[in-house]
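Residue-level listing of the chains:
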Amino acid sequence: PQLPIRDFKQIDAYYPPKEKIDEFIVFAKPCLNKKFYNDSQIEKLEKMRDMLLPKLMSSEVRVEV
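Below is a summary of the structure that appears in this document. (Residues numbered from 1 in each chain as written. Predicted model: local features only at pLDDT ≥ 70, side-chain atom pairs only at ≥ 80, totals over all residues. Heavy atoms only, no water.)

The subject of this paragraph is the overall build of the protein chain. The number of helices and strands found in the protein chain is two helices and zero strands. Relative to a compact globule of 65 residues, whose C-alpha radius of gyration would be 11 Å, the protein chain shows 24 Å and is clearly more extended. Taking the principal axes of its C-alpha atoms as reference, the protein chain extends roughly 65 × 35 × 15 Å. Across the 65 residues in the protein chain, those meeting the buried criterion constitute 2%. Within the structure as shown, the protein chain displays about 6,900 Å² of accessible surface, and the carbon and sulfur contribution to it stands at 63%. For the protein chain, the distance from the average site of its 12 positive side-chain charges to the average site of its 11 negative ones is 3 Å. (Helix = DSSP H or I, 4+ residues; strand = E, 2+ residues; numbered from the N terminus. Rg over C-alpha atoms; globule rule 2.2 N^0.38 Å. Buried < 20%, exposed > 50% of the residue type's maximum accessible area, 1.4 Å probe, protein only. Areas by Shrake-Rupley, 256 points an atom, 1.4 Å probe, with all protein chains shown as cover. Lys, Arg positive; Asp, Glu negative; His and termini not counted. Charge placed at Lys NZ, Arg CZ, Asp CG, Glu CD.)

Okay, here's the thing in structure tokens:
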């Protein structure tokens with residue numbers, strides 16, 4: 001179901017004080033930075049896996065035990 005714009009305009013929206021928003025940003029920013037870093041690391045590892053797995057399966061690359 002959709003909420004018509006005329007009904008949406010009647011909804012009261014409450015926002016936290018600027019100090020609370022600033023506190024949240026200080027808390028959340030390191031978490032988001034870590035998430036973005038982890039996402040980039042995952043992408044790099046997936047690319048390495050996709051490159052190495054076929055070589056390992058075909059014995060083109062060997063792993064010493």
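Summed over all chains, the structure comprises four salt bridges. A salt bridge links Asp39 to Lys35, with the nearest nitrogen and oxygen atoms 2.5 Å apart. Separated by four residues within a single helix, Asp39 and Lys35 lie in helix α2 (residues 18-57), roughly one turn from each other. Between Glu43 and Lys47 there is a salt bridge whose closest N-O contact spans 3.6 Å. Of this pair, Glu43 and Lys47 both sit in helix α2, four residues apart, which is roughly one turn of the helix. The exposure class of Glu43 is partly exposed, given its relative accessible area of 45%. (Salt bridge = Lys/Arg side-chain N within 4 Å of Asp/Glu carboxyl O.)

A word on unusual backbone geometry. One non-glycine residue, Ser59, lies in positive phi territory at about 65°. With respect to the helices and strands, Ser59 occurs in the segment after α2.

In a regular helix each residue adds 1.5 Å, so 40 residues correspond to 58 Å; α2 covers 57 Å between its end C-alpha atoms and thus fits that length. For α2, the principal kink sits at Ala28 and spans about 35°; a proline, Pro30, occurs within the next four residues. Once α2 finishes, Ser59 follows within two positions and takes phi at roughly 65°, a positive value. (Expected span 1.5 Å × (residues − 1). Bend = angle between axes of the 7 residues up to and from the residue.)

To continue, consider a nonpolar patch on the surface. Side chains of Leu45, Met48, Met51, Leu52, Leu53, Leu56, Met57, Val61 and Val63 sit close together on the surface and give an oily, nonpolar patch of about 850 Å² of accessible area. Checked against the element boundaries, Val61 lands in the segment after α2. Taking the relative accessible area as the measure of exposure, Val61 reaches 30% and is therefore partly exposed. (Patch = residues over 30% accessible without salt bridge, like charges linked within 9 Å, V, L, I, M, F, W, Y side chains within 5 Å.)

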